[in-house]
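Here is what each chain is made of, one letter per residue.
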2 protein chains.
Amino acid sequence: MAVTTASGATWQEVAADRQKHRDATIAAVEPALPEISEIPTNTTPIAKKVLTADEIKITESTVEVLAVQLEKGEISAVEVTKAFLRRAGLAQKVTNCITELLPERALQRAKELDEFLKTNGKPVGPLHGIPISVKEHVMMKGLDINAGFISWVGRIGEDDAHILKILWAAGCVFYARTTQPQSLMHLETSNSLYGTTVNPFNRNLTCGGSSGGEGALIGFRGSCLGIGTDIGGSIRSPAANNGLYGMKPTTLRLPTAGWSATMAGSEQIPATIGPLSTSLAGCKLFIKTLIDAKPWLKEPTLLPFEWKEADPFPAGGKKLKIGVLWDDGVVKPHPPVTRAMKELVEKLKKSGNVEIVDWKPYKHDEAWEIIANLYFSDGASQESAAINASSEPWMTLTKHIITENPHVQTHTVESLWAATARRDSYRAEYAAHWNSTSAAGSSANGYTLTDSDMVDIILCPCGPSAAPRLETAKWWGYTSQWNLLDYPALIFPVDQVSVEKDAEGEKEKYEPRNEKDAYNWKLWEEFGAEGWVDAPISLQLVGRRYEDEKVMRAAEIVEKEAGTPFVKYV
Amino acid sequence: MAVTTASGATWQEVAADRQKHRDATIAAVEPALPEISEIPTNTTPIAKKVLTADEIKITESTVEVLAVQLEKGEISAVEVTKAFLRRAGLAQKVTNCITELLPERALQRAKELDEFLKTNGKPVGPLHGIPISVKEHVMMKGLDINAGFISWVGRIGEDDAHILKILWAAGCVFYARTTQPQSLMHLETSNSLYGTTVNPFNRNLTCGGSSGGEGALIGFRGSCLGIGTDIGGSIRSPAANNGLYGMKPTTLRLPTAGWSATMAGSEQIPATIGPLSTSLAGCKLFIKTLIDAKPWLKEPTLLPFEWKEADPFPAGGKKLKIGVLWDDGVVKPHPPVTRAMKELVEKLKKSGNVEIVDWKPYKHDEAWEIIANLYFSDGASQESAAINASSEPWMTLTKHIITENPHVQTHTVESLWAATARRDSYRAEYAAHWNSTSAAGSSANGYTLTDSDMVDIILCPCGPSAAPRLETAKWWGYTSQWNLLDYPALIFPVDQVSVEKDAEGEKEKYEPRNEKDAYNWKLWEEFGAEGWVDAPISLQLVGRRYEDEKVMRAAEIVEKEAGTPFVKYV
């Protein structure tokens with residue numbers, strides 16, 4: 001049994017106990033991992049010093065490559081699981097991204113999968129033998145689900161979350177659980193249980209959050225596919241900060257039943273669940289597998305949208321039309337982001353297979369006011385209660401989003417309705433903004449829209465900088481905008497900050513528009529390119545509601561036409 | 001300008017002014033309608049005494065028949081509009097179902113449509129020349145939208161509702177607006193503005209509600225297609241009581257932007273909009289036209305489910321499997337309902353093309369508690385304010401659902417979340433109940449469901465009796481159940497109460513299970529078949545969420561196999 005505040009322990013004792021448990025699970029990995037005495041700022045080269053060539057090869061393979069090898073029996077699920085367990089253990093030692101490893105149950109499962117393949121001559125399902133890492137608050141039967149609150153330690157999963165059951169039935173192996181921030185509402189990852197998770201490419205930077213354990217782990221290649229959750233950027237910020245693919249699907253497509261979080265029953269801004277992966281194909285396989293299982297039959301809040309196989313941009317058909325949002329009009333991105341974006345756009349323009357237009361921001365400041373108000377419509381009483389129950393301290397970024405957030409309000413039912421109606425008005429205005437990108441505008445009858453010449457996809461930054469320096473990730477607008485609108489959004493890796501490439505950007509003079517903008521720009525002026533060295537630069541593709549498949553297809557086209565990413569991260 | 005309480009008038013003066021306006025619009029119909037001095041209990045034979053043979057022929061044609069004739073130019077939109085204006089005016093005189101007719105603008109529109117067809121040789125759209133009647137609270141530009149509240153008289157529509165714009169672009173003619181009850185929350189139709197709307201087949205019975213004006217008007221054939229709204233039975237009760245087809249689609253498929261109602265921004269139990277029609281094809285054409293216009297592009301709360309053309313029950317393919325819910329376990333239906341249902345089921349069993357099983361009710365009493373609590377989560381403060389602002393009296397059935405409803409609660413945000421979570425739990429339990437109808441239960445991997453042998457559709461009553469006697473429509477469970485679950489539900493006509501056919505049912509002895517059941521059964525014992533003579537008996541088909549097309553297809557199969565309706569109503 002875990003030490004808990006309910007049984008009289010201090011918060012520090014609870015934290016120490018959880019860390020001890022975590023360390024024991026890592027110590028159980030075989031062969032044992034060495035202690036790492038000196039950790040460089042960019043941790044990624046350590047892997048090749050510690051792991052075998054075979055382990056490196058396996059862990060640096062993508063989901064789609066592993067899936068084929070596993071299906072053919074060219075590698076065993078046990079080999080794959082062992083390799084990822086070791087690299088995940090190493091990732092913990094250098095980034096602090098793990099809450100526990102599951103070597104015993106994972107290897108048992110892998111053995112069974114290998115036996116199944118041998119006996120039946122076919123895989124269990126499309127994810128046969130694929131190791132999947134899981135953000136801690138997604139419930140696993142028999143394991144702690146504290147969601148990052150000291151006071152919740154000792155809550156034990158009664159069952160596996162719905163999503164885990166489907167992935168399990170598809171053949172995957174669960175082997176690692178990952179860190180998340182206090183309140184699950186930071187774009188970074190630190191809590192009182194485990195401290196801070198850092199970015200594997202530059203330990204002065206954040207891995208992002210709230211699915212930051214996943215970001216750091218997969219960025220380090222201690223996983224090739226992981227489960228995150230997102231209500232304001234929590235899948236996308238870690239994916240972006242670590243040079244990964246990460247998809248926030250439209251809400252109510254993928255199963256969320258059985259996660260542990262505050263605010264159950266709140267509907268204004270539903271949280272989503274989705275993949276982070278080292279490959280786009282990994283994200284796609286994850287999402288398709290879940291949708292093909294018709295999860296709406298068991299979880300009827302989900303919508304029965306079948307997987308759309310048809311290519312919206314077939315050869316000789318409609319050309320992908322991208323609207324480029326360079327700046328959200330609130331907080332201007334740092335020069336390295338804009339620099340990489342320009343390079344990408346130039347390549348796309350030259351390709352001839354993509355049409356590029358500019359996308360004007362539409363009141364992103366107002367959008368932030370609306371969503372920041374709707375996040376905590378009970379005045380954050382459940383978060384406050386969960387934190388205060390153990391006397392654990394309030395983290396800087398918890399204060400930022402709750403007590404120092406001027407938009408938080410304890411709503412009445414009537415004021416909540418009004419705020420919801422305001423959300424819907426904004427959504428309708430944004431839809432009109434999108435519709436106005438159609439040159440024809442309307443059809444013969446003067447009313448019905450034709451969407452054939454509208455912008456298909458928005459291309460935009462993932463945040464106002466590459467991975468933020470620790471405790472500075474305060475502007476959520478580049479990701480939360482698409483939660484408010486409930487648009488599907490996908491992160492893809494493009495480049496990396498370098499002192500050489502980004503020296504030019506240090507010369508830029510800029511007069512900030514507001515306080516948030518000034519805060520962000522000042523960081524750039526203070527630290528310059530050197531302050532972000534090796535940080536991945538990622539970008540975001542956004543589609544209209546329920547056009548998840550179209551967003552993924554657009555990413556395939558962009559990758560092919562522009563040859564992203566421009567660098568090899570690991 | 002209308003007389004309003006805001007300008008100092010009493011509620012009686014406001015009502016008198018609105019009635020005067022209504023009467024003037026009816027007096028403007030040409031040729032003028034005679035006064036009806038003696039109105040029989042069953043009003044339907046009056047039409048043939050007053051209207052011309054041509055008018056009878058047109059108004060007793062279905063949407064699909066008229067659409068073809070209009071498209072070919074065999075009849076003109078002006079002829080059709082004139083005929084329906086006259087029959088609608090007559091319907092008002094015998095059932096009190098109209099708030100205003102729109103002869104001038106309707107005939108102007110019809111003329112333009114006729115000219116368009118002549119000039120272009122093709123119709124404006126799939127609803128070219130089809131007259132559509134509209135429940136008053138669906139906003140029309142420049143007209144009063146009082147939603148049945150005296151205090152709201154004088155609110156003028158700033159624009160046409162989204163749904164009206166699409167239907168207009170498809171070629172329809174708006175010519176009549178119809179009554180609704182105080183608060184829009186009765187399964188009957190009476191308010192302080194216009195008094196009570198009655199059932200055209202038996203004036204001692206209700207036309208149903210809240211879209212009761214539509215029900216009475218279409219039942220009388222003063223319309224062939226109308227727009228209703230439904231949050232607990234408000235499309236289906238009027239459709240059922242008047243022997244019509246009426247469809248409550250799954251929420252968020254059809255456009256609702258631009259209706260006038262309380263509780264804007266509330267999301268727990270969204271209201272839906274849908275058709276009532278004299279034909280199933282009329283309902284289908286209405287829904288398909290709206291969906292084909294991609295309304296989600298302009299109203300982004302709507303879900304982009306395209307119209308599903310594929311037949312789920314193709315020849316030689318899966319056979320339609322119907323689960324029959326005879327009784328919801330709370331309030332037992334009156335014998336005529338069960339009698340007609342048995343007759344239908346026997347015919348379906350004999351057909352060999354439909355599989356029939358029994359469907360067990362699952363906690364419909366608890367379902368009612370949940371939805372009756374969620375209807376007014378502000379404690380009905382907006383309804384109370386709207387009624388009390390004019391000092392108009394509270395109607396019996398307004399009191400029934402608000403002040404005498406033990407489940408109404410003034411929620412805090414937290415208690416509302418808890419109530420919402422309870423709703424979702426119940427929905428998940430009901431989904432499991434439905435999944436358990438699969439004999440196989442699950443697939444090879446032990447988890448993924450196969451739905452190929454599950455029940456497709458539930459067949460059930462529309463209420464615990466045929467059209468209720470006035471002021472007695474208190475049990476919503478047979479319709480509100482499917483709002484809570486957000487399942488699409490379609491009403492179709494089956495039979496009619498007759499003293500001869502239903503004499504046997506008067507002998508039935510029954511010991512009620514609870515107070516609601518006792519209330520309903522006592523009405524039967526008191527009035528017997530004679531009390532419901534000529535009342536249509538309708539039944540309901542229900543599908544899973546977003547299986548709207550499947551429900552309509554099932555209705556086509558049922559009609560064909562069983563030959564419903566068994567009688568000709570008009």
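Residues numbered from 1 in each chain as written. Chains lettered and ligands numbered in written order. Predicted model: local features only at pLDDT ≥ 70, side-chain atom pairs only at ≥ 80, totals over all residues. Heavy atoms only, no water.

Going by the annotation in an unreviewed UniProt entry, the name recorded for chain A is amidase, with Coleophoma crateriformis given as the source organism. Listed under Sequence similarities (unreviewed entry) in UniProt, the entry text for chain A is "Belongs to the amidase family." Turning to chain A, the UniProt annotation filed under Catalytic activity (unreviewed entry) states: "a monocarboxylic acid amide + H2O = a monocarboxylate + NH4(+)". (UniProt positions renumbered as here; feature names shortened; annotations may be inferred.)

Engineer: How do you make sense of the environment of Asn-204 of chain A when you look at a structure like this?
Structural biologist: All names here are of chain A. As for its position among the elements, Asn-204 is in strand β7 (residues 202-206). Considered as a pair, Asn-204 and Pro-275 are 71 residues apart in the sequence and their alpha carbons are 25 Å apart. The contacts of Asn-204, once residues within four sequence positions are left out, are Thr-41, Arg-469 and Leu-470. (Helix = DSSP H or I, 4+ residues; strand = E, 2+ residues; numbered from the N terminus. Contact = heavy atoms within 4.5 Å.)

Engineer: What am I meant to see in the sheet that holds strand β8 (residues 225-230) of chain B here?
Structural biologist: Picture the strands of a sheet paired through backbone hydrogen bonds; they go either parallel or antiparallel. Residue and element names in this part refer to chain B. Strand order in the open sheet made by the eleven strands is β1-β3-β2-β8-β10-β9-β14-β15-β13-β11-β12, with mixed pairing throughout. Two strands close off the open sheet at either side, each with one partner strand: β1 (98-101) and β12 (354-358). For this sheet, the mean inter-axis angle between neighbouring strands, taken without regard to orientation, is 25 degrees. Where strand β11 (residues 320-324) lies against strand β13 (residues 457-461), three bridges are found, and the strand directions are parallel. (Pairing = 2+ DSSP bridges. Axes fitted to C-alpha atoms, helices over the stretch in contact; angles between N-to-C directions.)

Engineer: Can you help me understand unusual backbone geometry in this one?
Structural biologist: Backbone phi values are negative for most residues with the exception of glycine, while trans is the configuration of most peptide bonds. The omega angle of the peptide bond from Glu-30 of chain A to Pro-31 of chain A is -10 degrees, so this bond is cis rather than trans. With respect to the secondary-structure elements, Pro-31 of chain A resides in the loop between α1 (11-27) and α2 (46-50). For the peptide bond that leads from Thr-564 of chain B to Pro-565 of chain B, omega is -10 degrees, which places it in the cis range. Position of Pro-565 of chain B among the secondary structure elements: in the segment after α18 (548-562). The backbone of Lys-294 of chain A sits at a positive phi, close to 50 degrees, despite the residue not being glycine. Secondary-structure assignment places Lys-294 of chain A in the loop between α10 (280-292) and β11 (320-324).

Engineer: Where do I start with the sheet that holds strand β10 (residues 272-277) of chain A in this structure?
Structural biologist: Residue and element names in this part refer to chain A. Taken in spatial order, the eleven strands make up an open sheet running β1-β3-β2-β8-β10-β9-β14-β15-β13-β11-β12, and their pairing is mixed. Two strands in the sheet have a free side with no partner beyond their single neighbour: β1 (98-101) and β12 (354-358). On average, each strand axis in the sheet is inclined to that of its neighbour by 25 degrees, with strand direction left out of account. Across the face of the sheet, helix α6 (residues 103-120) comes into contact with β1 and β3 (173-178) while running at roughly 160 degrees to β3.

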